[in-house]
Amino acid sequence: MTVDLDWDNLGFQYRHLPFRYISYFKNGKWNQGQLTEDANLHISESSPALHYGQQAFEGLKAYRTKDGSIQLFRPDQNAERLQATAERLLMPQVPTDMFIEAVKKVVRANEDYVPPYGTGASLYIRPLLIGIGDIIGVQPAQEYIFTIFVMPVGNYFKGGLLPTKFIVAEDFDRAAPYGTGAAKVGGNYAGSLLPGKQAKGNGFSDVIYLDPATHTKIEEVGAANFFGITADNQFITPLSPSILPSITKYSLLELAKDRLGMEVIEGDVPVDQLNKFTEAGACGTAAVISPIGAIQYKHEYHVFYSETEVGPVTKRLYEELVGIQFGDIEAPEGWIVKVD
Ligand code: PLP
Ligand code: COI
């Protein structure tokens, strides 16, 4: 039985669902995690997660298919990225099996909130890993919490498949050249709040960041990766050690090549060469594929395919990706994990 919600207008917002998963790491090992109805974390005031940002998170989704079953999209990739982030911040790793089993458990427990097939909405899953305990020096925690909560969501950017506009940050960087840009840590997002607020205040969906070393190449969007399409059938996306390795982006690289027959390139995307792109987009779990209608860079306003209509290649990529996620199109081997 699915609950009664306005599935078409969910937006992307927190909702308090009945169950979440929690596991504690103490004395060098994870305990047997369990479901709880308590949505509040009870942690020491001196927890390193609070003071020094020793924390990481993930984002993935569960999808309701036509036959009513529920499935996950590449959860092993999220587990592996969380492990990479944990390594960077000296946190204990959550093994892939434990991660996927915990995700399944919390999705199953909140099954009634997985949006019905056909609404386009999905269940957003937010795993969180935090360092806790009585420590005040700048050093790694001895104890950790791994928790997962979920909520039904719709579009992250207001337009959905309608193009929106973005602005290139001139005075801010998202990450440092050898910093934590490739790790999914809260600090990267704390730093993006101010530029994001300014961008939204000026009518843009989000900020596009440039490479922090030279400020000449596009890195990524505040909450998604960037891609561009050229007239000669190329799918081009930035390659940089300071962007988040987007699972959606790597999936699109494969789909563009294998299913759309495109030439795919991970490389430099000079911000002064936007006119080589006929279409552009932002991609990510929350963003899915959001067409970029236009980019403001300094005094130039560059329009791609159209400000009101999604381009044909972006649309085709969207249909392929979303078709796979909702089980309507056959997925490449290993991409789909059923929640049974
Ligand atoms: N880049 C940033 C900064 C993000 O926050 C996200 C969201 O997770 C992405 C890219 C997209 O990554 P993914 O496709 O794995 O969700
Ligand atoms: C995601 O797409 O899962 C994200 O983490 C993006 C954003 C909500 C921070």
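See the structure shown above.
Note that the structure is predicted; figures quoted are calculated from it, not measured. (Residues numbered from 1 in each chain as written. Chains lettered and ligands numbered in written order. Predicted model: local features only at pLDDT ≥ 70, side-chain atom pairs only at ≥ 80, totals over all residues. Heavy atoms only, no water.)

Draft legend 1. Up close: helix H6 (residues 247-258). Here H6 contains 12 residues, and its C-alpha end-to-end distance of 17 Å stays within 8% of the 16 Å for a straight helix at 1.5 Å per residue. All of the buried residues in H6 are Ile247, Thr248, Lys249, Ser251, Leu252, Leu253, Leu255 and Ala256. Sitting at the head of H6, Ser246 places a side-chain oxygen 3.2 Å from the backbone nitrogen of Thr248. (Helix = DSSP H or I, 4+ residues; strand = E, 2+ residues; numbered from the N terminus. Expected span 1.5 Å × (residues − 1). Buried < 20%, exposed > 50% of the residue type's maximum accessible area, 1.4 Å probe, protein only. Polar contact = N/O pair within 3.5 Å; in protein donor to acceptor, adjacent residues only side chain to side chain.)

Draft legend 2. Quick look at the pattern of salt bridges. Summed over all chains, the structure comprises eight salt bridges. For Glu220, the salt bridge goes to Arg174, with nearest N and O atoms at 3.0 Å. Of this pair, Glu220 sits in strand E11 (residues 218-221) while Arg174 sits in the loop between strand E9 (164-168) and helix H4 (186-190), and the two are 46 residues apart along the sequence. Exposure remark for Arg174: the relative accessible area of 10% places this residue in the buried category. Residue Arg316 pairs with Glu320 through a salt bridge whose shortest N-O separation is 3.0 Å. Here Arg316 and its partner Glu320 are both found in helix H7 (residues 312-325), four residues apart, which amounts to about one turn of the helix. The exposure class assigned to Arg316 is partly exposed, which follows from its relative accessible area of 34%. Among the charged side chains, a network of salt bridges with common partners joins Arg259, Arg316 and Glu320. (Salt bridge = Lys/Arg side-chain N within 4 Å of Asp/Glu carboxyl O.)

Draft legend 3. Layout of empty space enclosed by the protein. Evaluation of the coordinates by the stated rule reveals two cavities of 30 Å³ or more. Roughly 110 Å³ of internal volume is contained in the largest cavity. What lines the largest cavity is a set of 13 residues, and nearest its centre among them are Tyr63, Phe73, Thr248, Thr285 and Gln325. If you list the elements that add at least two residues to the lining of the largest cavity, you get strand E5 (60-64), H6 and H7. The element best represented in the lining of the largest cavity is E5, accounting for three residues. When its volume is computed, the second largest cavity comes out at roughly 50 Å³. Those elements that place two or more of their residues in the lining of the second largest cavity are strand E15 (277-284) and strand E16 (288-297). Here the element with the most residues in the lining of the second largest cavity is E16; it accounts for three residues. Classifying every residue of the lining of the second largest cavity gives seven nonpolar, four polar and two charged. (1 Å grid on protein atoms, 1.4 Å probe; cavity = no way out; pocket = protein on both sides within 12 Å on 5 of 7 lines; lining within 4 Å. Points joined across faces, edges and corners; volume = space filled by probe spheres on them. Nonpolar A, V, L, I, M, F, W, Y, C, P; charged D, E, K, R; others polar.)

Draft legend 4. Region of interest: the site of ligand 2. Inspection of the region around ligand 2 gives Phe12, Phe57, Gly59, Tyr124, Arg126, Tyr156, Lys184, Tyr189, Ala223, Thr285 and Ala286 as its neighbouring residues. At a separation of 2.7 Å, an oxygen atom of ligand 2 approaches a polar side-chain atom of Lys184. One of the backbone nitrogen or oxygen atoms of Ala286 is found 2.8 Å away from an oxygen atom of ligand 2. Of all the cavities here, the one that holds ligand 2 is the largest pocket. (Near = heavy atom within 4 Å. Sits in = over half its atoms within 2 Å of the grid points.)

Draft legend 5. Molecular detail of the nonpolar core. Counting residues in hydrophobic clusters, the biggest one holds 35 residues, and the most contacted among them are Phe99, Val107, Ile125 and Phe146. For this core, the secondary structure elements donating two or more residues are strand E1 (20-26), E5, strand E6 (70-73), helix H2 (75-88), helix H3 (96-109), strand E7 (122-132), strand E8 (143-153) and strand E18 (336-339). If one sorts the elements of this core by residue count, H3 sits on top with seven residues. Beyond its immediate stretch of four places on either side in the chain, Phe99 contacts Leu60, Pro75, Asn78, Ala79, Leu82, Val94, Pro127, Phe146 and Ile148. Ranked by size, the runner-up nonpolar core spans 21 residues in total, among them Phe157, Val221, Val271 and Ile295. (Core = buried A, V, L, I, M, F, W, Y, C linked by side-chain atoms within 4.5 Å. Contact = heavy atoms within 4.5 Å.)

Draft legend 6. Here's a closer look at the pairing of strand E13 (residues 234-238). Counting buried positions along E13 gives five out of five residues, so the element sits mostly inside the fold. Across the two faces of E13 the burial is the same, with Gln234, Ile236 and Pro238 and Phe235 and Thr237 all buried. Counted along the chain from strand E12 (residues 224-230) to the antiparallel partner E13, the turn is three residues long, and its residue Asn233 has a positive phi close to 65°. Of the strand pairs in this sheet, E13 and strand E14 (residues 263-267) are connected by five bridges, and their pairing is parallel. Residue pairing in the sheet places Thr237 in a bridge with Glu266 of E14. (Pairing = 2+ DSSP bridges.)

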